[in-house]
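Chain by chain, the residues run as shown.
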Amino acid sequence: MPKRAEIQGIASYLPKEVLTNAEIARCFPNWTEEKISHKLGIESRPIAAADETSVDMGIKAAQKLFDSGICEPEHIDFLLFCTQSPDYFLPTSACLIHEALGLPKSGGALDFNLGCSGYIYGLSLCKGLIETGAANNVLFITSETYSKFINPHDRGSRPLFGDGAAATLISAVDTEEEPLGPFVFGTDGSGADLLIVPAGGMRIPKSPETAVEKEDTTGCIRSLEQLKMHGPGIFSFAIDRVPATVDELFRKSGKSREDIGCYIFHQANKYMLDRLQELCGLQDANYYNDMREYGNTVSSSIPLAMVDAWKSGMLKPEEWAMLVGFGVGLSWGAALVKLPKSFRI
């Protein structure tokens, strides 16, 4: 019987500090608490402390996963870490997490830089490691601190993003069925400037000039060292690519809309998800759309949503779920998953 990759459990970590709509409304007089909640579907967002990093949050999520009793650190033979806000350019953040968790030195560890589609891509990497015999238990951590890239006077980005981490255990199981997959991927680097931190890397190093804050034509204030988002462009990309990706996954899997018990898309914002539900023909489906307490947590949004959907009974064991990620890059991906009865949160 072949070895297959299966998601065994997910644990999350959210920073203690919370940014509320009331605080945002005080900063931007044209916004009200009700307007933010109605348009974005967000009421509050966790924000990492000044001395709290993506590595710190990832470690706490992983410790919570181990505390559930799902497995011991010594059982992990590979660690994957998805972030766009690493502690350092080098060394690899995954190596720091590996050491902090006391994982076996015989195991592998690596970072990969991807945003809103990162969870889908990471699951595919886990599947590859397990089903080629390179690993039996993969610890996959997503962790992001976009708040550290955002100017507090950027009214386009600040209301949208929250910080958070999730740790997922993917293990080898003996089964003829494929509980993880198939996958669909897509990339369009021509849209890279739609969501970007222009300065701070090797292309445009930080300098006194890149730190200067300026107001753009929409009234958003930021420097070249901070997050720049073109909201309309990201929205157009999503409504163009996501429905086609969903259709492609149906074709690739041979399944229909009725075969899927739950749909969990990247939790971008309520308005976008409402529109995608309509365009994908999922009005009568179990379609998760709730980021009230999180905001857009980038690569962690899908696993955080999976945890809450499981708690609510929307995501059920031994039923197919469709996961769809899309955003910065531009990058997108989708996958089918089936969780076991033994799944833990």
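Residues numbered from 1 in each chain as written. Predicted model: local features only at pLDDT ≥ 70, side-chain atom pairs only at ≥ 80, totals over all residues. Heavy atoms only, no water.

Asker: Go over the overall build of the protein chain with me, naming the residues and quoting the values.
Answerer: Within the protein chain one finds 8 helices and 16 strands. The globule rule puts the C-alpha radius of gyration for 345 residues at 20 Å, and the 19 Å found for the protein chain is close to it. Residues counted as buried form 56% of the 345 residues belonging to the protein chain. Put simply, of all contacts in the protein chain between residues at least 6 apart along the chain, 77% involve residues at least 24 apart. Accessible surface for the protein chain amounts to roughly 14,900 Å². Of this, 51% is attributable to carbon and sulfur atoms. Computed over 32 positive and 44 negative side-chain charges, the inter-centroid distance for the protein chain is 2 Å. (Helix = DSSP H or I, 4+ residues; strand = E, 2+ residues; numbered from the N terminus. Rg over C-alpha atoms; globule rule 2.2 N^0.38 Å. Buried < 20%, exposed > 50% of the residue type's maximum accessible area, 1.4 Å probe, protein only. Contact = heavy atoms within 4.5 Å. Areas by Shrake-Rupley, 256 points an atom, 1.4 Å probe, with all protein chains shown as cover. Lys, Arg positive; Asp, Glu negative; His and termini not counted. Charge placed at Lys NZ, Arg CZ, Asp CG, Glu CD.)

Asker: Which residues make up the sheet that holds strand β1 (residues 3-13), and what values go with them?
Answerer: Taking strand neighbours across the sheet as the criterion, the 5 strands line up as β1-β7-β6-β4-β5 in an open arrangement whose pairing is mixed. At either end of the open sheet lies a strand with only one pairing partner, and these are β1 and β5 (108-112). Averaged over all pairs of adjacent strands, the angle between their axes in this sheet comes to 20°, without regard to strand direction. Where strand β6 (residues 137-144) meets strand β7 (residues 164-174), 8 bridges bridge the pair, whose relative direction is antiparallel. Bridged to I141 within β7 is A167. Strands in contact with helix α8 (residues 301-312) are β1, β6 and β7; relative to β1, the strand with the most contacts, it is inclined by about 85°. (Pairing = 2+ DSSP bridges. Axes fitted to C-alpha atoms, helices over the stretch in contact; angles between N-to-C directions.)

Asker: I'd like to hear about helix α6 (residues 231-253), residue by residue, with values.
Answerer: Helix length check: α6, at 23 residues, gives a terminal C-alpha distance of 32 Å against a target of 33 Å (1.5 Å per residue), a fit within 8%. Of the residues one or two after α6, G254 is the one with positive phi, at around 75°. (Expected span 1.5 Å × (residues − 1).)

Asker: A description of empty space enclosed by the protein should follow, citing residues and the corresponding values.
Answerer: This model, assessed by the stated rule, comprises 1 cavity of 30 Å³ or more. Roughly 40 Å³ of internal volume is contained in the largest cavity. Contributing to the lining of the largest cavity are Q267, Y288, D290, M291, Y294, G295, T297, S301, L304 and A305. Here the element with the most residues in the lining of the largest cavity is α8; it accounts for 3 residues. Its residues placed into classes, the lining of the largest cavity shows 5 nonpolar, 4 polar and 1 charged. (1 Å grid on protein atoms, 1.4 Å probe; cavity = no way out; pocket = protein on both sides within 12 Å on 5 of 7 lines; lining within 4 Å. Points joined across faces, edges and corners; volume = space filled by probe spheres on them. Nonpolar A, V, L, I, M, F, W, Y, C, P; charged D, E, K, R; others polar.)

Asker: A description of the nonpolar core should follow, citing residues and the corresponding values.
Answerer: Buried together is how nonpolar side chains tend to be arranged in soluble globular proteins. Grouped together as the largest cluster of nonpolar side chains are 47 residues, with contacts concentrated most on V242, F265, M322 and F326. Elements with a contribution of two residues or more to this core: α2 (33-40), α6, β13 (260-265), α7 (270-279), β15 (320-327) and β16 (331-338). The dominant element in this core, judged by the number of residues it contributes, is α6, at 8 residues. Leave out the neighbours within four places in its chain, and M322 touches V246, L249, F250, I260, C262, Y263, I264, A335 and L336. (Core = buried A, V, L, I, M, F, W, Y, C linked by side-chain atoms within 4.5 Å.)

Asker: Please set out the state of the cysteines residue by residue, giving values where relevant.
Answerer: A covalent bond between the sulfur atoms of two cysteines is what we call a disulfide. Within the structure shown, the criterion is met by 0 disulfides. For C95, which is in no disulfide, the shortest distance to another cysteine sulfur is to C82 and amounts to 16 Å. Counting only cysteine sulfurs, C27 is the nearest neighbor of C220, a cysteine outside any disulfide, at a range of 13 Å. On the accessibility criterion, C220 (6% relative accessible area) is buried. (Disulfide = S-S within 2.5 Å.)

Asker: Provide a residue-level description of the pairing of β6, including the pertinent values.
Answerer: Most of β6 sits inside the fold, with 8 of its 8 residues counted as buried. Burial along β6 is two-sided: the face carrying N137, L139, I141 and S143 and the face carrying V138, F140, T142 and E144 are both buried. As judged from the 5 bridges shared by strand β4 (residues 78-82) and β6, these two strands associate in the parallel manner. Note on β6: the bridge partner recorded for F81 is I141.

Asker: Can you tell me about the side chain of S300, naming the residues and giving the values?
Answerer: Summarising the element assignment, S300 is placed in the loop between β14 (287-288) and α8. A relative accessible area of 0% places S300 in the buried class.

Asker: Could you give an account of a nonpolar patch on the surface, with specific residues and numbers?
Answerer: Residues F89, L90 and M202 make up a contiguous nonpolar surface patch of roughly 460 Å² in combined accessible area. Relative to the helices and strands, L90 resides in the loop between β4 and α4 (93-101). (Patch = residues over 30% accessible without salt bridge, like charges linked within 9 Å, V, L, I, M, F, W, Y side chains within 5 Å. Salt bridge = Lys/Arg side-chain N within 4 Å of Asp/Glu carboxyl O.)

Asker: Give me the lowdown on the packing of aromatic side chains, citing residues and values where you can.
Answerer: Tallied over the entire structure, the rule returns 10 aromatic pairs. With a centroid separation of 5.2 Å and 75° between ring planes, the pair formed by F265 and Y287 is classed as edge-to-face. One end of the pair, F265, is in strand β13; the other, Y287, is in strand β14, and 22 residues separate them in sequence. The residues F265 and Y287 share a single accessibility class, namely buried. Grouping aromatic residues by their ring pairs yields a cluster made of F112, Y119 and F140. A cation sits over an aromatic face here: K35 above W31, 5.3 Å from the ring centre. (Phe/Tyr/Trp six-rings, centres within 6.5 Å; stacked < 30°, edge-to-face > 60°. Lys NZ or Arg CZ within 6 Å of the ring centre and 35° of its normal.)

Asker: Which residues make up the sheet that holds strand β8 (residues 180-187), and what are the values?
Answerer: Pairing is mixed in the open sheet, where 5 strands are placed in the order β8-β16-β15-β13-β14. Strand pairing shows two members of the sheet lacking a second neighbour, β8 and β14, which therefore form its edges. The sheet contact formed by β13 and β15 spans 5 bridges and is parallel. When the bridges of β15 are listed, F265 appears paired with V324.

On their own, these measurements won't tell you what the molecule is for.
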